[in-house]
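Spelled out, the chains give:
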Amino acid sequence: MSDESDHIPPEPPGRPPGPRSPAPMGFFILTLVLLFLAAVYFDHHSGWFNAQVYHPFVNANELEKYQPKSGEAALLARGMATYERVCGVCHGNDGAGKPGQAPPLAGSEWVLENGVNRLTHIPLTGLSGAVDVKGQTWNLSMPAMGAALSDADLAAVLTYIRGSWGNKAGPVTPAQVKAARAAVAGQPPINGLQALKALPE
Amino acid sequence: MKNGFRIFLAALVALGFSWCAFVLAPVLQLGAEKQTTVLNSSDLYPVQRGDFAAQGLQVYRANGCAACHTAQVQQDGVGCDVVLTGMGTNQPADFKAFMKSLCELPDLQNCSDSLSKNLAAWNGALPKILLHGAREADAGKLADKLSAAGLKSEVRIVATGPDIARDWGLRHSVAEDFLWDDPVQLGSVRIGPDLANVGARFPDARWQLLHLYAPQVVVKGSTMPPFRYLFKMEKTRGEPAPDALKLPRELAPPSGYEVVPTDQARELAAYLLSLRAEVPLHDAPFTPPAPAPARPNKP
């Protein structure tokens with residue numbers, strides 16, 4: 001702004017103008033470096049602008065540490081909640097079944113089978129006609145109650161019924177449900193004992 | 001004007017800089033926000049509202065509810081609870097001795113005080129919270145020690161803070177919660193409670209409608225203004241309408257009449273019921289209370 005000096009009244013005589021030395025360059029550089037470090041420090045403690053990181057978490061690693069475990073316990077809890085919401089009305093929250101309404105799941109050979117293919121098919125397509133469960137014949141019909149559940153939810157339900165009320169069989173994975181869902185697409189309900197037995201175990 | 005160009009340049013830089021900070025940066029950060037999945041599940045979140053509830057957002061806005069209500073839960077901290085769920089083959093008496101030995105381990109010295117305090121008054125009932133609000137590392141160490149001894153335990157993630165203590169939610173609100181809101185009704189004044197999770201607190205549409213018509217009837221001493229103009233009085237035709245309000249005597253309409261909600265009130269109630277921020281997400285983790293509450297059917 002050199003031309004501005006034109007408007008400044010002349011210095012009164014007797015006071016010599018002070019020396020005009022340039023500000024030291026090092027000072028500016030130091031300021032910039034400090035500002036940069038401050039910004040880095042700030043970002044480091046606020047998740048690097050990561051949209052997933054909110055207070056009280058300070059970065060993505062910390063957020064990762066506090067994810068609840070997705071282990072078997074979590075799967076069972078979820079399976080129980082879904083079971084009681086979807087299947088419990090007919091099969092009972094205790095899995096004992098209800099006379100004239102639905103056969104038991106506790107101790108049922110279809111639930112405890114080593115292979116889970118048949119078991120996974122039942123809620124996906126439904127089941128009708130005469131079937132034997134624990135030595136008793138049931139001739140009712142179950143709609144495709146599991147078709148609307150996500151793979152993970154149905155896997156959780158099946159894992160839950162295989163591991164509760166005294167049942168002791170291994171878990172069912174979402175991948176198994178997914179494969180079965182692809183296999184049964186568009187198929188009618190399984191009709192009767194023969195059809196159920198005809199499915200691979 | 002002499003320095004016109006320079007002034008223009010300076011203004012451009014100043015405005016451009018704030019535009020970058022207040023418009024560009026947030027868009028880069030959150031502009032691509034989309035549905036996520038509920039933690040440990042493949043369910044999508046948030047579910048889009050039906051037309052009816054979506055219209056309710058406009059009623060909410062038009063009536064200035066956000067002047068007294070926020071819809072954002074804040075969280076101050078996060079901690080781990082270690083819950084003992086099963087004894088395996090151990091006896092409670094052995095267990096106490098075992099815990100005593102644990103408390104002396106240098107590994108667990110951070111939490112030995114609260115451990116021994118929690119155990120002092122324990123009568124043997126399960127599940128038992130052994131540690132509350134501990135750091136993740138301490139909780140993990142304790143859980144490992146317990147499982148090595150054949151005990152069953154569970155580490156639960158809990159969000160903490162005044163809002164959560166008031167039962168306004170289970171976790172902080174995140175950007176995804178507002179994905180379908182246009183305009184977003186965050187609110188900034190809390191004359192009434194936070195509504196981010198009000199659909200889970202009061203899942204009954206009839207409660208919501210009655211509260212809108214006469215807040216003082218459902219909440220003694222409520223200072224919320226009644227929104228009676230969202231309702232209309234009608235002649236009862238035969239059977240009372242299914243959603244006619246059940247009002248106390250002093251507010252009841254003359255006999256032969258009933259108070260029914262207008263469409264606006266129904267939309268608003270549907271919107272309020274859709275406000276449920278109760279599932280854990282990757283960016284707002286917590287362990288849902290088990291067994292997860294069955295969702296009441298929405299009207």
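Bear in mind that the values here come from a model prediction, so they are computed numbers and not experimental data.

Colleague: What exactly am I supposed to notice about the state of the cysteines here?
Modeller: Following the criterion strictly, the structure yields 0 disulfides over all chains and no others. Summary of cysteine pairing: cysteine 90 of chain A is not part of a disulfide, and the nearest cysteine sulfur, belonging to cysteine 87 of chain A, is at 8.6 Å. The exposure class of cysteine 90 of chain A is partly exposed, given its relative accessible area of 33%. Note on cysteine 68 of chain B: no disulfide assigned, nearest cysteine sulfur contributed by cysteine 65 of chain B at a separation of 8.7 Å. Overall, the relative accessible area of 26% leaves cysteine 68 of chain B in the partly exposed class.

Colleague: Could you clarify how one ought to interpret the sheet that holds strand S1 (residues 127-133) of chain A in this entry?
Modeller: Sheets are built from strands that pair by backbone hydrogen bonding, the pairs being arranged parallel or antiparallel. Residues and elements named next belong to chain A. One open sheet holds the 3 strands; their spatial order is S2-S1-S3, and the pairing between them is mixed. For this open sheet the edge positions go to strand S2 (136-142) and strand S3 (190-191), each flanked by a neighbour on one side alone. Where S1 and S3 come together, 2 bridges link them in parallel fashion. When the bridges of S3 are listed, serine 128 appears paired with asparagine 191.

Colleague: Hey, could you run me through the pairing of strand S3 (residues 77-86) of chain B in this one?
Modeller: Looking along a regular strand, one sees side chains alternate from face to face of the sheet. All names here are of chain B. For S3, a buried count of 9 out of 10 residues is recorded, marking the element as mostly surrounded by other parts of the structure. Summarising the sheet, S3 and strand S4 (residues 128-134) pair through 4 bridges and their orientation is antiparallel. From the neighbouring strand, valine 82 faces S4, where its bridge partner is leucine 131.

Colleague: What should I look at first to understand a nonpolar patch on the surface in this one?
Modeller: A cluster of nonpolar residues, Met25, Phe27, Phe28, Ile29, Leu30, Val33, Leu34, Phe36, Leu37, Val40 and Trp48 of chain A, forms a patch on the protein surface that exposes about 1200 Å² of accessible area. What makes phenylalanine 36 of chain A exposed here is its relative accessible area of 56%.

Colleague: Where do I start with the confidence of the model for chain A in this structure?
Modeller: Interpretation of this model should avoid reading the predicted coordinates in detail wherever pLDDT is low. Mean pLDDT over chain A: 83, with 91% of residues reaching 70 or higher. When the elements of chain A are averaged for pLDDT, helix H3 (residues 72-86) of chain A gives the smallest value, 75, and helix H1 (residues 25-44) of chain A the largest, 93.

Colleague: Quick question: what am I supposed to make of the packing of helix H2 (residues 51-62) of chain B against helix H10 (residues 263-274) of chain B here?
Modeller: How two helices sit against one another is set out by the angle between their axes and by the gap between those axes. Residue and element names in this part refer to chain B. H10 packs onto H2 with a crossing angle of 105° between their chain directions and a minimal axis gap of 7 Å. Here H2 is positioned roughly perpendicular relative to H10, judged by the angle of their axes. Note on element contacts: H10 touches H2 through Asp263, Gln264, Arg266, Glu267, Leu268, Ala270, Tyr271, Leu272 and Ser274, opposite Phe52, Ala53, Gln55, Gly56, Leu57, Val59 and Tyr60. When its residues are assigned to classes, the contact of H2 with H10 shows 9 nonpolar, 4 polar and 3 charged.

Colleague: For this particular structure, what's the right way to read H2 of chain B?
Modeller: In an α-helix, one turn spans 3.6 residues; hence positions three or four apart end up facing the same way. Residue and element names in this part refer to chain B. In this model H2 runs 17 Å from its N-terminal to its C-terminal C-alpha over 12 residues, within 8% of the 16 Å that 1.5 Å per residue would give. Along H2, the residues classified as buried are Ala53, Gly56, Leu57, Val59 and Tyr60. The arc enclosing the buried residues of H2, seen along the axis, measures out at 165°, which places them on a common side. For H2, exposure combined with an orientation more than 90 degrees from the buried face picks out Asp51 and Ala62.

Colleague: Teacher, can you tell me more about the sheet that holds S4 of chain B here?
Modeller: All names here are of chain B. Here we have 3 strands laid out as an open sheet, ordered S4-S3-S5, and antiparallel in their pairing. Two strands in the sheet have a free side with no partner beyond their single neighbour: S4 and strand S5 (152-160). Across this sheet, the average inter-strand angle for adjacent strands is 20°, counted without regard to direction. Bridge count between S3 and S5: 9 bridges; the pairing is antiparallel. Residue valine 82 lies in a different strand from S5, and its bridge partner there is valine 155.

Colleague: Quick question: what am I supposed to make of the interface of chain B and chain A here?
Modeller: Many structure descriptions define interface size as the accessible area lost when the parts assemble. Between chain B and chain A, the contact holds 34 residues from the first and 28 residues from the second. Around 2500 Å² of area is buried between chain B and chain A when both sides are counted, 57% of it from carbon and sulfur atoms. The largest per-residue losses of area from chain B upon contact with chain A belong to Asn40, Glu136 and His282 of chain B, which jointly make up 22% of the total buried on that side. At the surface where chain B touches chain A, the tally comes to 5 residue pairs in polar contact (both at pLDDT 80 or more). For the side of chain B that touches chain A, the secondary structure elements donating two or more residues are helix H1 (4-30) and S3 of chain B. Looking at the side of chain B that touches chain A, the element that brings in the most residues is S3 of chain B, giving 4 residues. Looking at the side of chain B that touches chain A residue by residue, the classes come out as 13 nonpolar, 12 polar and 9 charged.

The rules behind these values
- Residues numbered from 1 in each chain as written.
- Chains lettered and ligands numbered in written order.
- Predicted model: local features only at pLDDT ≥ 70, side-chain atom pairs only at ≥ 80, totals over all residues.
- Heavy atoms only, no water.
- Disulfide = S-S within 2.5 Å.
- Buried < 20%, exposed > 50% of the residue type's maximum accessible area, 1.4 Å probe, protein only.
- Pairing = 2+ DSSP bridges.
- Helix = DSSP H or I, 4+ residues; strand = E, 2+ residues; numbered from the N terminus.
- Patch = residues over 30% accessible without salt bridge, like charges linked within 9 Å, V, L, I, M, F, W, Y side chains within 5 Å.
- Areas by Shrake-Rupley, 256 points an atom, 1.4 Å probe, with all protein chains shown as cover.
- Salt bridge = Lys/Arg side-chain N within 4 Å of Asp/Glu carboxyl O.
- pLDDT = per-residue confidence, 0-100.
- Axes fitted to C-alpha atoms, helices over the stretch in contact; angles between N-to-C directions.
- Parallel < 35°, antiparallel > 145°, perpendicular 65-115°, else oblique.
- Contact = heavy atoms within 4.5 Å.
- Nonpolar A, V, L, I, M, F, W, Y, C, P; charged D, E, K, R; others polar.
- Expected span 1.5 Å × (residues − 1).
- Arc of directions from axis to C-beta.
- Buried area = accessible area lost by both parts, 1.4 Å probe.
- Polar contact = N/O pair within 3.5 Å; in protein donor to acceptor, adjacent residues only side chain to side chain.

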